[in-house]
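Residue strings, one per chain:
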Amino acid sequence: MVMVPPSEWVPHVEAFVDVSRSLAQHSASVDALAALVNKDKLTLFDLVSKMDMYLTTTDHIVRSRGIMLLGEIMSQISFKWLDVNSIATLSDFFISRLSDWQALRGALVGCLALLHRKPSVGSIVISDVKRLVESFLEYIQVQSLAAADRKLCFQILCCVLNDYPEAVKTMDDELLCGICQTIDEEKDPECLKLSFHLVEAVMKLFPDPSGLAAQFASDLFEILSNYFPVYFTHEASDNLGATRDDLSRALMHAFCSTPFFEPFAIPLLLDKLSSSLPLAKLDSLKYLDNCISCYGADRMVRHTSAIWSKLKEVLFSLSSDQLLSSWSPKDAEKNKNQIMSEAKNCLKAAVTYIHSSDRDLFINLILLDDDIVNNFHSVTIEEKSICSSPQKLHQLQALGSVISILAESSTYFCTRIFQAHFTRLIDILVNSAGFESQHLNICNGSSSGTVNYGALYLCLQMLSSCREVAVTSQEEFAPVKSANTWWLILMGKLEPFIHLLGKLLTIDSQPIQSAVEQEYVSSAMKGLLILATFPEQCSLPANAYEDILLMLTSVITNKYENVHLWRLSLRTLASIGSSAVEFHDSQKEMIYNRIVVDKIISLAKSCDTSMPLNLRLEASFEVGTAGVNYMLRVARSLEEAVIINIFQVNGRTECVEYVECLMDCYSSRLLPWLFTSAGVNDFALSFAMRLWDEISDLATLDRIISQGLLDSLMMGMKFLVGVCTEEQQSLIIQKACSTISSMLSLPVKSMVHHVLSEDDELVPAHSAQDKALVCMLSSVIVGLRPQTPVQDMTMMINLFAVFLLNGQMPAAHALASIFNKYLHNSEFSHENKLDKILDVILGRCFSIVLASSNSKISHSSGAISDNANCSDSMSGSVGSKVDILCGLAWIGKGLLMRGDEKVKDVSMFLLKCLVSDQNSVNVQPYQKTQNDNVSSDASLATSAADAFHVMMSDSEVCLNKKFHAKIKLLYKQRFFSILMPIFLSKIKETPVLTTKLVLYRAFGHIISNAPVSAVITEAHQTV
């Protein structure tokens, strides 16, 4: 490698040492020198030799700049290999410079660079690291330095403790004393965060109870405690490199770094829980939660009583009013919720981690607490609804939280809770409900029929907890079912409890319930859901499970007027079904199918029922979402219902609407769910093939046409084809082509071998059956994937072209899809052939739109059935031209989305229609009045303007991701950028007001459908 002569790099050294130069010049000099060293064009030895005068001079300014330059270069060559001698020499130099306070920063940068080097490229040895730390502690007074230098000091110490622990493990108390002095009274946020990490690292380094960490725990924690809780008044925009959350998290990790902090940290945290500041309460709870799990049960057991006392105070006594002095009501409520959540987490940690030889110590402390006993007593004797008293409701929720946390912690604790309270609560509920009464009273009052909401709420909390215990201990169910466990206690009270919850569903038969009534109903639903979703090994008896399903299904079928109750029941049923699938409980799945799915399916299959159809379909879909097998059953039932009711329409409007709704639900909800959730699409293939079988019957086809079912079946066919695989789609297209060939009245075979050209004199007339068949075929084409093989492509393109010229939009959708996807076909070995066909179709459409008004295009003289609807003659009428313009827009949309350059042909033709004056749109005048002429020209111009809306807007009927359209990235932005200057120029040049208006109309469509970012970028030209 050729070395760079000194004359080329020495100026960089001089530029850096020169303090009059700018920071940018200094930085550029370091980068240049480091690059030379990294590329082996300058050796480190040569660099140091030439810099000798700058490194040893008595001029402290020059010396500090020289040492800083060397340190910065070392930082940038951390991945370059250096030999042992070079590392040793550099180590000696930078360590010796730690005593040079006037050049300290460069020495710190150099030491940190050496510490960051990896062994694979040459690193500092342990003995030198130890010398570095000793020199650091001897010469550097960290708190006397500037913030940037202090940060370097903290980084060096953290790096030593994390990466070179062997160098300091044998050091005496000098290390801990030095660290205490280093971090004491630190105030800079970034330095503080590093100092907290430093404490965490050093305390973990000496775990021995008789070691240095234990001896200095008091001193270190006294320093740390001064920063708790962390108050941080700087804004995020200050760019200090540390947020309040960062500092608080780092301090918390320091608190939890060693159990030696326990005697000091726990009393401090408990004391801060009494603070009136929400921040202090919140941080105290977070820290206490983490400290409990880190310090261990042996140390924490002595604080059990104090912890429970403080947590009880927060859980039961904290209110938003206490936080209002310094916060708005909204912020006070938010802080209260955060504090309550952290208090619950802390209690859960205490119950989980604090153990002793007496396993009843903690639970007895809580259950026998006078306040807890009094709370239970006041809740269970309360006659008036607790829901109406916010204070009592808060007490109840706090009590429920404590009970839940205890019960969820273990099977033993759950059993203790059930033994203490569950049986008595059920008895209170049964007695207060009054089973003899026909009507449950939940309103204020003292009648025997008043339901005790507090007892109900606590029962549900216990039920939820024991279910969690069952789920988390699925491998240990035998002990759960042994004598005197919560499970046996629950089984003993199961029948009256289910009966009670069922009666709560009947508290009000009115369509609208009060908030209190809705709360009772929601509670009943929650209870039924919990009971029905226990895991298989610990599930309810089959008869109890059946009773629950029957109750909820009865609500679905009979109480649909009560919207809240009905939807709640439906969601509950769906959750129960999904739980059976989740736990692979075959017995429950069988019962669910028999009671729920069968009943809901029977509702959806009939159009003669009092329940609104939208609710029946909603119920079918929601129940189906419980599992793939359930949804498949629902899909098959809807498929059967569609086929059956097509035969039964016969002028019955309700059956027509029923089929339309079925197809909409099937295609827009069931198909996407099954495809995305389970990847299931075999059923779509079978349904599509079955529909084509039905269509092949002329009587059925006539019925579909006469009853207006074609649009629904077309949309459904698109979705069915869209979710199928390429192989399945190939089968569908073969079936569709076979049906078309056998039923279409057009001379199909004669069209197979040639493309419709401008020389064709005839556009065949078509019957209503022909139109319906082509529409269904177009739906198949729209839904195809690009790689699906398609036979007879020439025949289909010509067929769709004929129907496009007859103004049929489904044919335009099919052509747009073909030219967008360039569907795979052996007839078109390369795209040029398909491009030529596209040119012919576009040319024919252009010529018809521009054709003479009185130049009629004759129809074939072939006979048509009496009931057939003949197509409009292609006579150059305004109506036919408008339809063709719309069809051109769809083809242009397909080309635009694909990124095909031929979209320019369509765009320029539409623009020509916009700017042509009233006499130039048609070559020859109509044999009508001048007013008719103006009207027809205006209509064509308006249609051409609206064509840009078709091209730019998103569509649900075709050319979208669901139907596998090819979509080029940023195609709308590009189209907008191309057309914008053209439109602005045309608008400016056009003197005719009517023409200017249609140009504005078209441009408005383009702008309104273009991405906002593109419009904003060009706003200076358009505004």
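As shown above, the structure is provided for reference.
These numbers were taken from a predicted model, which means no experiment stands behind them. (Residues numbered from 1 in each chain as written. Predicted model: local features only at pLDDT ≥ 70, side-chain atom pairs only at ≥ 80, totals over all residues. Heavy atoms only, no water.)

K.L.:
I'd like to hear about the packing of helix H39 (residues 768–783) against helix H41 (residues 809–821), residue by residue, with values.
P.N.:
Helix-helix packing is characterised by the crossing angle of the two axes and by the distance between the axes. One way to put it is that H39 packs onto H41 with a least axis distance of 8 Å and a crossing angle of 25°. By the angle between their axes, H39 is roughly parallel relative to H41. In this structure, H39 crosses over H41, and the sense of that crossing is left-handed. Listed contacts from H41 to Cys775, Ser778, Ile781, Val782 and Gly783 of H39 are Pro810, His813, Ala814, Ser817, Ile818 and Lys821. Taken together, the residues of the contact of H39 with H41 break down into 6 nonpolar, 4 polar and 1 charged. (Axes fitted to C-alpha atoms, helices over the stretch in contact; angles between N-to-C directions. Helix = DSSP H or I, 4+ residues; strand = E, 2+ residues; numbered from the N terminus. Parallel < 35°, antiparallel > 145°, perpendicular 65-115°, else oblique. Left-handed = near helix turned anticlockwise from the far one by under 90°. Contact = heavy atoms within 4.5 Å. Nonpolar A, V, L, I, M, F, W, Y, C, P; charged D, E, K, R; others polar.)

K.L.:
Explain the pattern of salt bridges to me, using residue names and the numbers behind them.
P.N.:
Enumeration over the complete set of coordinates arrives at 30 salt bridges. Arg302 is the salt-bridge partner of Glu262, the closest N and O atoms lying 3.6 Å from each other. Placement of Glu262 in helix H14 (residues 262–272) and of Arg302 in the loop between helix H16 (297–300) and helix H17 (304–317) is noted, with a sequence separation of 40 residues between them. Owing to a relative accessible area of 1%, Glu262 belongs among the buried residues under this scheme. A relative accessible area of 56% places Arg302 in the exposed class. Between Glu639 and Arg690 there is a salt bridge; the shortest N-O distance is 3.6 Å. (Salt bridge = Lys/Arg side-chain N within 4 Å of Asp/Glu carboxyl O. Buried < 20%, exposed > 50% of the residue type's maximum accessible area, 1.4 Å probe, protein only.)

K.L.:
Help me get a handle on a negative patch on the surface, residues and values and all.
P.N.:
A contiguous patch of negative charge on the surface is contributed by Glu134, Glu138, Asp172, Asp173 and Glu174. With respect to the helices and strands, Glu134 occurs in helix H8 (residues 126–139). Owing to a relative accessible area of 34%, Glu134 belongs among the partly exposed residues under this scheme. (Patch = residues over 30% accessible without salt bridge, like charges linked within 9 Å, V, L, I, M, F, W, Y side chains within 5 Å. Areas by Shrake-Rupley, 256 points an atom, 1.4 Å probe, with all protein chains shown as cover. Lys, Arg positive; Asp, Glu negative; His and termini not counted. Charge placed at Lys NZ, Arg CZ, Asp CG, Glu CD.)

K.L.:
Can you explain unusual backbone geometry? Please cite residues and give values.
P.N.:
Between Phe228 and the following residue, Pro229, the backbone shows a cis peptide bond with an omega angle of -10°. By the element assignment, Pro229 lies in the loop between helix H12 (212–225) and helix H13 (244–255). Positive phi values are uncommon outside glycine, yet Asp40 reaches one of about 60°. The residue His584 is not glycine, and still its phi comes out positive at about 55°. By the element assignment, His584 lies in the loop between helix H29 (563–582) and helix H30 (586–605).

K.L.:
Account for helix H28 (residues 542–558), naming residues and giving values.
P.N.:
Helix length check: H28 (17 residues) gives 24 Å between terminal C-alpha atoms against 24 Å at 1.5 Å per residue, within 8%. Buried residues of H28: Ala544, Tyr545, Ile548, Leu549, Leu552, Thr553, Val555, Ile556 and Thr557, and no others. Check the buried side of H28 and you find it contacts helix H26 (494–504), helix H27 (515–532), H29, H30 and helix H31 (613–624). (Expected span 1.5 Å × (residues − 1).)

K.L.:
Which residues make up the environment of Lys962, and what are the values?
P.N.:
Among the secondary structure elements, Lys962 is positioned in the loop between helix H45 (930–952) and helix H46 (971–989). By relative accessible area, which is 40% here, Lys962 ends up partly exposed. When the C-alpha atoms of Lys962 and Phe719 are compared, they prove to be 7.8 Å apart, with 243 residues separating the residues in sequence. Contacts of Lys962, omitting those with residues within four sequence positions, involve Phe719, Gly722 and Glu956. Here the side chain of Lys962 touches Glu956 through a polar contact of 2.7 Å, side chain to side chain. (Polar contact = N/O pair within 3.5 Å; in protein donor to acceptor, adjacent residues only side chain to side chain.)

K.L.:
A description of the nonpolar core should follow, citing residues and the corresponding values.
P.N.:
Counting 354 residues, the largest nonpolar core has Leu220, Phe255, Trp486, Leu531 and Tyr592 as the members making the most contacts within it. No other element matches the 12 residues that helix H23 (residues 453–472) contributes to this core. The residues contacting Leu220, other than those within four sequence positions of it, are Leu176, Ile179, Cys180, Ile183, Val199, Val202, Met203 and Phe261. (Core = buried A, V, L, I, M, F, W, Y, C linked by side-chain atoms within 4.5 Å.)

K.L.:
Pulling in residues and values, what's your account of the state of the cysteines?
P.N.:
Applying the stated criterion across every chain, the model contains 0 disulfides. Looking at the unpaired Cys177, the closest cysteine sulfur is the one in Cys180, lying at 6.5 Å. (Disulfide = S-S within 2.5 Å.)

K.L.:
Explain the packing of aromatic side chains to me, using residue names and the numbers behind them.
P.N.:
Overall, the coordinates contain 22 aromatic pairs when judged by the stated rule. Between the aromatic rings of Phe93 and Phe94, the centroid separation amounts to 5.3 Å while the plane-to-plane angle is 70°, which identifies the pairing as edge-to-face. The exposure classification of Phe93 matches that of Phe94, with both residues buried. Members of the aromatic cluster, each reached through a chain of ring pairs, are Phe221, Phe228, Phe255, Phe261, Phe264 and Tyr287. Sitting over the face of the ring of Phe16, Arg65 holds its NZ or CZ atom 4.2 Å from the ring centroid. Positioned above the aromatic ring of Tyr822 is the side chain of Arg898, whose terminal nitrogen or guanidinium carbon lies 3.8 Å from the ring centre. (Phe/Tyr/Trp six-rings, centres within 6.5 Å; stacked < 30°, edge-to-face > 60°. Lys NZ or Arg CZ within 6 Å of the ring centre and 35° of its normal.)

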